[in-house]
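Inside the fold
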Amino acid sequence: MRRNPPMTFQGALAVLGVHDRPWLTRFDTLLGGAILSSVGIPPIADLWGLVDQKTEGVRLMRTGLDWASDKLLGTNGAHRQDLLVAAHTILVISSFFEVLDDKELSDRRKIEIATGNDLTGSWLTRLYTSPIPVPSATMPFRRLLDEIGKWAASLNDNAHVVTAVTQTYKSQFLRMAAQVPEFRNWANMAEQDAIGSTLDRLHTLLSHGSLAAPGELRSTLANANNAELDVPVAEGVAPKFPTVREIFVTPRFSLVENDDRCRLSDDTWWAGREVRSDLDHLFAIHFSTPAATERPLLLLGHPGAGKSLLTKVLAASLPAANYTVVRVPLRHVDANAHVDTQIQTALDTLTHHRVAWPDLVRQTSDTIRVVLLDGLDELLQATTHDRTSFLLDVQTFQRREAAMEHPVAVVVTSRTLVADRVKVPDKVPVVKLAPFDENQVLAWTAEWNRVNQHTGTRPLPAMLAENPAALAEQPLLLMMLAVYYADWSAPEPTADMSLTDLYERMVNLFARREAEKRADGDVDARVRESLHRLSVAALGMLNRGAQSITELDLTADLIALGDTVQTGKRLLAEFFFVHAPQANTDVEVRAYEFLHATFGEYLVAHRIIEVLRDVADSAFGRRTQHRPDDDLLFALLSHQPLSIQRPVLDFAAARLAKLPTDEQTAVAKTLELLLAGYHERRGTSRYNYRPLPQHTVRETAAYSANLVLLRAVCSDREFDLRLVWPSGPRPQWRSLVQLWGAGLRAEGLRTISTSLVIRRLTISAAQVQHLPLDLLVSRLVGDAGQEERLWVGYALQQNVICRSGELAREWLLSMKSWLISAAVSPYIFKPFLARPPESVSRKQLRPVIELAIHVLRSRFGDWNAGYTLAYLRWLGGLESNPVDAWSTYLDDDLRMRLAAKLCEVSDDPAAARLVAELRAVGRSNTGWEPGVSGLQAPFTV
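Residues numbered from 1 in each chain as written. Predicted model: local features only at pLDDT ≥ 70, side-chain atom pairs only at ≥ 80, totals over all residues. Heavy atoms only, no water.

Per an unreviewed UniProt entry, the protein is named NACHT N-terminal Helical domain-containing protein, and its organism is Actinokineospora globicatena.

Quick look at the overall build of the protein now. Per the secondary structure count, the protein includes 41 helices and 13 strands. Every one of the 941 residues in the protein was classed for burial, and the buried ones make up 57%. For the protein, long-range pairs separated by at least 24 residues make up 73% of all intrachain contacts whose partners lie at least 6 apart in sequence. Of the roughly 39500 Å² that the protein leaves accessible, carbon and sulfur atoms contribute 51%. (Helix = DSSP H or I, 4+ residues; strand = E, 2+ residues; numbered from the N terminus. Buried < 20%, exposed > 50% of the residue type's maximum accessible area, 1.4 Å probe, protein only. Contact = heavy atoms within 4.5 Å. Areas by Shrake-Rupley, 256 points an atom, 1.4 Å probe, with all protein chains shown as cover.)

This part takes up the sheet that holds strand β3 (residues 323-329). In space, the six strands of this open sheet follow the order β1-β6-β2-β5-β4-β3, with mixed pairing throughout. Two strands bound the open sheet, and with one partner strand each, they are β1 (253-257) and β3. Strand-to-strand twist of the sheet, defined as the mean angle between neighbouring strand axes without regard to direction, takes the value 20°. As defined by bridge partners, strand β2 (residues 297-301) adjoins strand β5 (residues 408-415) across five bridges and the pair is classed as parallel. Residue Leu298 lies in a different strand from β5, and its bridge partner there is Val412. (Pairing = 2+ DSSP bridges. Axes fitted to C-alpha atoms, helices over the stretch in contact; angles between N-to-C directions.)

Right, let's talk about the packing of aromatic side chains for a bit. Scanning the model with the defined rule gives 23 aromatic pairs in all. Each ring, one from Phe141 and one from Phe173, has its centre 4.8 Å from the other, and the planes form 40°; the classification is tilted. Taken as a pair, Phe141 in helix α8 (residues 141-155) and Phe173 in helix α9 (residues 159-177) lie far apart in primary sequence, 32 residues in all. Relative to Phe183, the ring of Phe173 lies with its centre 5.0 Å away and its plane at 50°, an arrangement referred to as tilted. Taken together, the positions of Phe173 in helix α9 and Phe183 in helix α10 (residues 181-186) put the pair ten residues apart, joining distant regions of the chain. Using a relative accessible area of 0% as the deciding quantity, one classes Phe173 as buried. On the accessibility criterion, Phe183 (0% relative accessible area) is buried. (Phe/Tyr/Trp six-rings, centres within 6.5 Å; stacked < 30°, edge-to-face > 60°.)

It is worth spelling out the packing of helix α12 (residues 216-227) against helix α17 (residues 339-351) at this point. Where α12 contacts α17, the axes come no closer than 10 Å and their chain directions differ by 75°. As the angle between them shows, α12 and α17 are arranged roughly perpendicular. Along the contact surface, α12 presents Thr220, Leu221, Ala224 and Asn225, while α17 presents Leu347, Leu350 and Thr351. Classifying every residue of the contact of α12 with α17 by side-chain character gives four nonpolar, three polar and no charged. (Parallel < 35°, antiparallel > 145°, perpendicular 65-115°, else oblique. Nonpolar A, V, L, I, M, F, W, Y, C, P; charged D, E, K, R; others polar.)

Here we take up the environment of His639. On the secondary structure map, His639 appears in the loop between α28 (631-637) and α29 (646-657). Linking His639 and Asn543, residues 96 residues apart in sequence, is a C-alpha distance of 5.6 Å. With residues near it in sequence (within four places) discarded, His639 still touches Asn543, Tyr689, Pro691, Leu692, Arg698 and Ala702. Separated by 2.8 Å, the side chain of His639 and the backbone oxygen of Ala635 make a polar contact. (Polar contact = N/O pair within 3.5 Å; in protein donor to acceptor, adjacent residues only side chain to side chain.)

Another point: the pairing of β5. Among the eight residues of β5, eight are classified as buried, and the element is accordingly described as predominantly covered. Here β5 shows two buried faces, one formed by Val408, Val410, Val412 and Ser414 and the other by Ala409, Val411, Thr413 and Arg415. Where strand β4 (residues 368-374) and β5 come together, six bridges link them in parallel fashion. Among the inter-strand pairings, Val371 is bridged to a residue of β5, identified as Val410.

So, about the pattern of salt bridges. All chains considered together, the criterion is met by 43 salt bridges. In this structure, Asp437 and Arg252 form a salt bridge, with 3.9 Å as the shortest nitrogen-oxygen distance. One end of the pair, Asp437, is in the loop between β6 (429-433) and α21 (438-451); the other, Arg252, is in the loop between α13 (244-247) and β1, and 185 residues separate them in sequence. Asp437 gets classed as partly exposed once you look at its relative accessible area, which sits at 27%. The exposure class assigned to Arg252 is partly exposed, which follows from its relative accessible area of 22%. Between Arg655 and Glu504 there is a salt bridge; the shortest N-O distance is 3.5 Å. (Salt bridge = Lys/Arg side-chain N within 4 Å of Asp/Glu carboxyl O.)

Our next topic: the packing of helix α33 (residues 746-753) against helix α34 (residues 773-781). One can describe the packing of α33 onto α34 by two numbers: an axis separation of 9 Å at closest approach and a directional angle of 50°. One finds that α33 runs oblique with respect to α34. Note that α33 runs across α34; the crossing there is left-handed. Residue-level inspection shows Ala746, Leu749, Arg750, Ile752 and Ser753 of α33 in contact with α34, the latter providing Leu773, Leu776, Val777 and Leu780. (Left-handed = near helix turned anticlockwise from the far one by under 90°.)

This part covers the side chain of Glu401. By secondary structure assignment, the location of Glu401 is in helix α20 (residues 390-403). Within the buried core, Glu401 has no salt-bridge partner, and the shortest N-O distance to an opposite charge, that of Arg369, equals 5.6 Å. With near-sequence residues (within four places) excluded, Glu401 lies in contact with Trp357, Val361, His406, Pro407 and Val408. (Lys, Arg positive; Asp, Glu negative; His and termini not counted.)

Let us look at the sheet that holds strand β11 (residues 719-720). In a beta sheet, neighbouring strands are held together by backbone hydrogen bonds and run either parallel or antiparallel to one another. Here three strands make up an open sheet; going across it, the order is β11-β13-β12 and the pairing antiparallel. Two strands close off the open sheet at either side, each with one partner strand: β11 and β12 (756-759).

As a further point, take unusual backbone geometry. In the Ramachandran plot, His353 falls in the positive-phi region, its phi being about 65° despite a non-glycine side chain. Following the sequence through the fold, His353 ends up in the loop between α17 and α18 (357-363). Relative accessible area serves as the criterion here: at 63%, His353 is assigned to the exposed category. At Arg760, a residue that is not glycine, the phi angle is positive and equals roughly 60°. Within the element layout of this structure, Arg760 appears in the loop between β12 and β13 (762-765). Classification of Arg760 as exposed rests on a relative accessible area of 75%.

Extensive coverage of β6 is indicated by the burial of five of its five residues. Taking every second residue as pointing to the same face, both faces of β6 are buried, with Pro429, Val431 and Leu433 on one and Val430 and Lys432 on the other. Of the strand pairs in this sheet, β1 and β6 are connected by five bridges, and their pairing is antiparallel. Bridge pairing links Val256 to Val430 in β6.

For helix α24 (residues 499-516), with 18 residues, the first-to-last C-alpha span of 26 Å sits near the 26 Å given by 1.5 Å per residue. What α24 keeps buried is the set Thr500, Asp501, Leu502, Tyr503, Met506, Val507, Leu509, Phe510, Ala511, Glu514 and Ala515. (Expected span 1.5 Å × (residues − 1).)

Checked against the element boundaries, Ala560 lands in helix α26 (residues 551-560). When the C-alpha atoms of Ala560 and Ala635 are compared, they prove to be 9.7 Å apart, with 75 residues separating the residues in sequence. With residues up to four places along the chain from it excluded, the contact list for Ala560 reads Arg686, Tyr687, Asn688 and Tyr689.

Rendered as structure tokens:
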């Protein structure tokens, strides 16, 4: 990154000096020439000028702040961002010294007495070079005040001085907020709107500085971004689809800063986070702070939550005078390429090869460049490489661009469920889009009805029935409901209509509408043909790991599956959810893609379940049982695990659950029969279906994995492995999982491992588990010993504490790995202070407590008071009576030393109570002697 960052005193002086050399010279004179005559850190003795002449120093710093406020009026881009942070840094430093001046600490000795510090070189070096907290999107103003207080306490632990510093800082900050828009945004003082139809206010919040006309390349890009807002969200005449500009409703969201405690792909974890409605304000803060160009912002949401629509609006909403925005739809670029290559591909598509990234960077030095990488989940599906470190690659890209003085802010969007399949760096801000609330649904519905008021279509009711209303919480599903309602002949949705029902009704409705446009032939047959071709297209995309399929590949797939295809004709009927981009090079090339991946996922599930029902009928539909005829099923399912797109399994489970009970049983038995003979499968001669090159191991692995996945989502009965292998089920199962590891890509194996769980010999569908791949595989094969070794090994070797769920065994494994690592590692782990599940017995708790006491005795001297307090509260909570725990486990000397440390945070009521408890305990009866670990009970998990 750039040298001397402006969030240090040293860096701030350097930034301000570039803009106002006379001011820096006057400040340098105050310090006896310490700044301009030295390289790096000035001689410590010279810095005494600032301590001894605080009043003049504070005056000069205040002058610098006033000058910086004026200078910001004509500054843009990275220079403005540096100047903003430098001004904030000087504001913090001046607040600190102003307090010292108010306390009349006019010489070095008085400061030493007041602070309790020996003002040596170490103290002054820390003042000059240590980073000062700066505002960011994940740091609300109230928390920023706390962080400034902590910084001040690191220089002066006098509580009265710290309080005075934060109060002075707050008043000076608010004074700056009256003059500088970014300070006003950072203070969360912008007016809030209850409902916003666009992010227009973001443009106002970030329109500042010099508003000169952008250059040619930037204008080309800005015009292209703005043009996207006037494109309808889908193609169609009746109903008429609104444009992006018309229909976009700013979503609500939750925000966290990622650390090792976050479970980003877990909806239950997100349910405990605050939901906010000021997304424009969040972006205004984020893009005006240094964190935006140091690490990506990760934007999560469920399928259809509006992530892509949001990136289109964001690209057009950031003011072109201050920001240069490139939107990169990852589904349309090479999934294996480097980030800069992907950016160039997107620029070529958007501007018809008129803008090159290096030229754009050179022409936009006065702006912040923003790259919106839309669809990480689609990239992971399409790549043939390991892209689990994609976000780290993005951060490396940002670091390199910043080193060349071309800082770039990056936003990456992804489905929520995919967040556990990539490495998310610490401190990355993560935004998760929340479902629409009632007001947002009403606003969206009103706009849809306005656009369609003269089309003759049925309007969408303002108040939906209970179950359809639940489906309307995502923008895509709301649009599907609107399209469904638009047809006067469509029956009213029933109270029990599910998501799968909605897709089924809508797809059938449009297939019938297209079939009825043709006067010849059987309408029902035309409907079946349309649905068949749509599903083959969807399977072709999934099996190729792509988001589109060319007409050439679709033709080959249809012929291989036994269809007759007329060349020269469009293969898929015109549906609003099917886009057919057409490229003209030497020959005309047409491709098909779905408006949203969820349409393809539904069609895959629909087709697979229909074929599976036919296979079950071939085995059990006659008087006697026959060998299942699974040639077509094998042809379709021998390329990719269905779990690579998890909604496919959800749709499949919903369709299976609606079958009659006897048919569900037949399907389950069929899958078990096929799985028992998976190793004998050697392809099919009837279908030459080859979406991927032939590979016998991969085909057997993918087919067997899909049989297991489908059997796991059958609701008929438990999937006991003994139903498949009556003799030796566990070795057979282990062999099968090893086959998957040999034949499938790591990403495919991971999705299988996170979709299944084995308990004893029963397999069932699982929620996503946030664990490393080798640990997941050990768990999947049921190798408890290997799983435990890996759990502890990750903690010891990589300082990674694995956490998953709240089952007793998982809690005990997490405790064991964390405490062993805490005992021997030179690193100070963040406390993993989870309460034990109720199912953990006293016998199982005993070794946890013993090891926790051992860690406390050997490591508490390395901890600060806050960490010690949290640890002791957790440890006391493991016992029914904490006071008994202190007398049982802590000797007298240790208790007194702990009480003394806790006095450092005596303003915390919990600390005060704990100090009283530790001191009130009578003489301990631990029997502990120095040098004795006290470990006796073995871990049992």
